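Structural overview for review
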Amino acid sequence: MVHALLDQGAVSEIPSIRGTYIRAYRLMVLARVLDDKFASLYRMGKVHGGVFLARGQEALSVSIGLALKKGDVFAPLIRDTAGRLAFGEPLIDGVRTCLGSPLGPMRGRDGNVHRGRPRDGLLAMISHLGAMISVVNGTLFAHRLKGITGTVGATCLGDGGTSTGAFHEALNQAAVEKLPLVLIIADNQYAYSTPTDRQFACRSLLDKACGYGVTGDSVDGTDLSACLRVTAEAVDRARDGGGPQLVVATLLRLCGHGEHDDAGYVEPKLRLASLGRDCLKVAEAHLLEREWADAALLASWRDQAVQAVEEVVATVQREPAPDPYKEDWCALASKHLSEGHDHG
Ligand SMILES: Cc1ncc(C[n+]2csc(CCOP(=O)(O)OP(=O)(O)O)c2C)c(N)n1
Ligand SMILES: [Mg+2]
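Remember, it's a predicted structure, so these values are computed and weren't measured experimentally. The numbering scheme is per chain: residues are counted from 1 as the chain's sequence reads. Whichever chain is written first is A, and whichever ligand is written first is 1; the rest continue in order. Given that the model is predicted, a residue must reach a pLDDT of at least 70 before its local features are reported, and side-chain atom pairs must reach 80 or more before they are shown or counted; all residues, however, enter totals for whole chains, interfaces and linings.

Considering the site of ligand 1
Quick note on the threshold: Whether a residue is near a molecule or strand depends on its C-beta atom, generated from backbone atoms, being within 6 Å of that molecule or strand. In this classification, Asp, Glu, Lys and Arg are treated as charged, Ala, Val, Leu, Ile, Met, Phe, Trp, Tyr, Cys and Pro as nonpolar, and every other residue, Gly included, as polar.
In the region of ligand 1, 15 residues are neighbours, and His128, Gly158, Gly160, Gly161 and Ala191 sit closest. Taken together, the residues of the shell around ligand 1 sort by class into 5 nonpolar, 7 polar and 3 charged.

Quick look at the structure:
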């Protein structure tokens, strides 16, 4: 699934590797512009919740979103703005959730990221710390019991999330049952302010793959080409019956844990290291070097992303606020909300 903005124009006519790269890059730009807008709305006091950004993680996130197909299942986390858009989530879902619009998937109940579109395979996030792996497992089990074949379920996790019991139980279960699960780990060097050497003692998070008996692969999370290739290969292996796939990407979170956090604890040497590169800048250099785009084209793509985001934000800002007298306090999981609600 591809965001509507990128369905238009010449991009879809460009041959495969170049076309996929450009599509991914434009989704990364859209995600970055959207995240920057969320940050600005937060600073204006317009957001009644936290704002958690994905700066530096767009290449990895967009890659798993694009690697999946219609019918697959995706459970994104807080740093998956790009993956959500790549999987087909409309821009307006995120903006309505962030601004508390009652017309959004959360009906104004959530100020940030717990939205989903279950009917489209986009699962609503419970927690950032491993809870979604077992939910994806359950969905894949349901597919198996219903005789639905050829689908893959993917979710993402941070380095810190790999230290939880939820991670252990779910990855072990997926391995035993040989589920077509793809688990993408963004090793962004910190869990909130806790550095990786205070989180785990193994050499690399990739070591955890052999511990559970699953296939593992590593990737430079700042390199879009590598992320596209490695995630697509992992999805293919899972689809072809290879069982769970663990992908460990090395990168740096180029922002605070949330907009309330100045990330002052991040070691300066990490920002200067290769893993501290901005994946968007790396992708731009790649596009220019291969002459797939020039500076003017890059600027026009960015302008289009800004315009798309501004239009959606203006639309949502004209929508009514939640009305407490019309609130029925139904649990979000009740049927008409999770399955039948018209997301508009
Ligand atoms: C059970 C639980 N404990 C603590 C938190 C608060 N919390 C949310 S994300 C996070 C850190 C996660 O770190 P990591 O897994 O590395 O992901 P990153 O934020 O780096 O993407 C913490 C402590 C939580 N949401 N749930
Ligand atoms: Mg982390």
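On we go.
Concerning the nonpolar core
It is characteristic of soluble globular proteins that their nonpolar side chains tend to be buried jointly. Operational definition: Think of a nonpolar core as buried Ala, Val, Leu, Ile, Met, Phe, Trp, Tyr and Cys residues, each tied to the set through C-beta atoms within 7 Å. Any residue with 12 or fewer other C-beta atoms within 10 Å of its own C-beta is exposed, any with 20 or more is buried, and the rest are partly exposed; the C-beta atoms used are placed from the backbone. Counting from the N terminus, the helices are DSSP H or I runs at least four residues long and the strands are E runs at least two residues long. Contact between residues is assigned whenever the C-beta positions, reconstructed from backbone atoms, fall within 7 Å.
Residues Met28, Val182, Ile184, Ile185, Val247 and Ala249 are the most contacted members of the largest nonpolar core, which totals 92 residues. Among the elements that line this core, the one with the most residues is helix H2 (residues 16-43), at 13 residues. Ignoring anything within four residues of it in the chain, the contact list for Ile184 reads Leu60, Ile64, Ala154, Cys156, Thr231, Val247 and Ala249.

Let's talk about the packing of H2 against helix H11 (residues 279-289)
Here is the rule: Note on geometry: axes are C-alpha line fits, over the in-contact stretch for helices, and angles between N-to-C directions span 0 to 180 degrees. Note on convention: the crossing is left-handed when the near helix lies turned anticlockwise from the far helix by less than a right angle, right-handed when the turn is clockwise.
At a closest axis distance of 11 Å, the pairing of H2 and H11 adopts a crossing angle of 145 degrees. As for how H2 packs across H11, the hand of that crossing is left-handed. Here Tyr25, Met28, Val29 and Arg32 of H2 come into contact with H11, specifically with Leu280, Ala283 and Leu287. Here the contact of H2 with H11 is built from residues that sort into 6 nonpolar, no polar and 1 charged.

Some remarks on the confidence of the model for the chain
In plain terms, the rule: pLDDT: the predictor's confidence for each residue, scored from 0 to 100.
Taken residue by residue, the chain gives an average pLDDT of 92. The fraction at 70 or more is 91%. Low confidence marks residues 7-15, where pLDDT is under 50. Its contacts with residues over four positions away, or in another chain, come to 8 contacts. Overall, residues 340-344 carries pLDDT values under 50, and its contacts beyond four positions in sequence, including any with other chains, amount to 6 contacts.

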